[in-house]
Amino acid sequence: MINETALAPASEKQLFWQGVKDCVPTLLGYIGIGGAFGIVGSASNFSMLEIVLLSVFVYAGSAQFIICALLVAHTPLSVVVFTTFIVNLRHFLMGLTVAPAFRSYSIWRNIGIGTLLTDETFGVASTKLMGQHRLQASWMNGLNITAYLCWIASSIVGACLGQWISNPEMLGLDFALTAMFVALLILQLQQVASAKLKPMLFVVGYTIIFMFVLMLFLPSHLAVIIATILAATIGVLTER
Amino acid sequence: MSTTASFIWIIIGCAIVTWIPRVLPFILVKKVILPEVIMRWLSYIPICILTALIVEHVWKVDGAGISAISVDLPFLYALITTVVVAIWSRSLSITVLVGVIAMAIIRYFT
């Protein structure tokens, strides 16, 4: 029996809501880190307005923590901005990976997607891309906008809770992000064709080794970018 | 609810340097077709970058040189638990939930 609704292409609205749904499993990561950011921000004497401005306009987890830490230490503006640039540079590589999937959409929709691209939405999108080789802009918007709103809301709640919780790490919520990266990595590896799995695992191994070596003399955010570039290059060069 | 002019400048500066690397690839890819070898190179990026972001917190660096680097053991234990759960469950939500609980329990006892 043929189900007609299943054959009809999903509408923009359906795709958007599918994106919202696909974002749900990652929300604990946003709640954990966004909440922790609000707590840390208010503990460092930043006002609610300042915490919200950072979450709305910078919208980058680790960079926001670093900005707070640098400002508390009275770091000059130019250093804060440059550090933020380096910390967030990895989004360039992430964008380059998922952007080709959106080529057929208008430049403005592409800019909209890029503006809200984060580690997490990149992780979900690249995992989906691996399985089905194409992505829809409406689905990506559902994913991105859900994540963005949840991030802002969590940092507000965190800032309100700041006076009661002094040590957010005790709750283990900061680990939500790493746990999510682990799940996405394993999901991607499980989708790799069995013939390619061994080379892929080698590339994972190279990344770990490069990270260990690079972190000896580089800030970890630069190490992430360089280790990724080196390991991916070895991956291509050793392909058969 | 207050802020200062210098804080507003920080927000503007940080927002611009974060936004440009985010949107640039999407504009670039519209204008030029990337060669096949670059596309193959990019296919490795998700796995490499996720691995790098995971192991970034395994090592604690305090100062310079090989002796300044140490393993964050509670983090490593939680990480191993999470990897096992991820392979077994194949579920994003279960992995995140178990990972967070594991980390909270490990921190409580260490």
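Quick caveat: nothing in here was measured; it's all calculated off a predicted structure.

**As for the overall build of chain A**
- Across its full length, chain A carries 13 helices and 0 strands.
- Reading the secondary structure of chain A in the N-to-C direction produces α-α-α-α-α-α-α-α-α-α-α-α-α.
- For chain A, the C-alpha radius of gyration of 19 Å lies close to 18 Å, the compact-globule estimate for 240 residues.
- Counting only C-alpha atoms and orienting by the principal axes, one finds that chain A spans roughly 60 × 45 × 35 Å.
- Burial analysis of chain A (240 residues in total) assigns 48% to the buried set.

**Side note on the interface of chain B and chain A**
- Listed as interface residues are 65 residues of chain B and, on the opposing side, 85 residues of chain A.
- Every element with two or more residues in the side of chain B that touches chain A is listed here: α1 (5-31), α2 (36-55), β1 (59-61), α3 (73-89) and α4 (92-109) of chain B.
- Looking at the side of chain B that touches chain A, the element that brings in the most residues is α1(B), giving 20 residues.
- Residues that form the side of chain B that touches chain A fall into these classes: 48 nonpolar, 11 polar and 6 charged.

**What about the domain arrangement of chain B?**
- Taken domain by domain, chain B consists of domain 1 (1-32) and domain 2 (35-109).
- Measuring from the centre of the C-alpha atoms in domain 1 of chain B to the corresponding centre in domain 2 of chain B gives 28 Å.

**Regarding the nonpolar core**
- Core analysis: the biggest nonpolar cluster contains 95 residues, and Ala176(A), Met180(A), Phe181(A), Val182(A), Ala183(A), Cys48(B) and Ile49(B) have the highest contact counts within it.
- Beyond its immediate sequence surroundings of up to four residues, Met180(A) is in contact with Thr26(A), Gly29(A), Glu120(A), Gly123(A), Leu92(B) and Val96(B).

**Considerations on the domain arrangement of chain A**
All names here are of chain A.
- By domain assignment, chain A separates into domain 1 (13-191) and domain 2 (193-240).
- Put simply, the middle of domain 1 and the middle of domain 2, counted by C-alpha atoms, are 23 Å apart.
- With 6 residues of domain 1 at the interface, the matching set in domain 2 holds 7 residues.
- Breaking the side of domain 1 that touches domain 2 down by element, the ones donating at least two residues are α6 (77-88) and α7 (90-98).
- Its residues placed into classes, the side of domain 1 that touches domain 2 shows 5 nonpolar, no polar and 1 charged.

**What about the packing of helix α2 (residues 12-23) of chain A against helix α10 (residues 137-161) of chain A?**
Residue and element names in this part refer to chain A.
- Their axes nearest at 6 Å, the elements α2 and α10 cross at an angle of 40°. By the angle class used here, α2 and α10 are oblique. The crossing of α2 and α10 is right-handed. Residues Glu-12, Leu-15, Phe-16, Trp-17, Gln-18, Gly-19, Val-20, Asp-22 and Cys-23 of α2 form the contact with α10, whose participating residues are Ser-138, Trp-139, Met-140, Asn-141, Gly-142, Leu-143, Thr-146 and Ala-147.
- A breakdown of the residues in the contact of α2 with α10 according to their chemical character gives 9 nonpolar, 6 polar and 2 charged.

Each value, and the rule that gives it
Residues numbered from 1 in each chain as written. Chains lettered and ligands numbered in written order. Predicted model: local features only at pLDDT ≥ 70, side-chain atom pairs only at ≥ 80, totals over all residues. Helix = DSSP H or I, 4+ residues; strand = E, 2+ residues; numbered from the N terminus. Rg over C-alpha atoms; globule rule 2.2 N^0.38 Å. Buried ≥ 20, exposed ≤ 12 C-beta atoms within 10 Å, placed from the backbone. Contact = placed C-beta atoms within 7 Å. Nonpolar A, V, L, I, M, F, W, Y, C, P; charged D, E, K, R; others polar. Domains from an automatic or database assignment. Core = buried A, V, L, I, M, F, W, Y, C linked by C-beta atoms within 7 Å. Axes fitted to C-alpha atoms, helices over the stretch in contact; angles between N-to-C directions. Parallel < 35°, antiparallel > 145°, perpendicular 65-115°, else oblique. Left-handed = near helix turned anticlockwise from the far one by under 90°.

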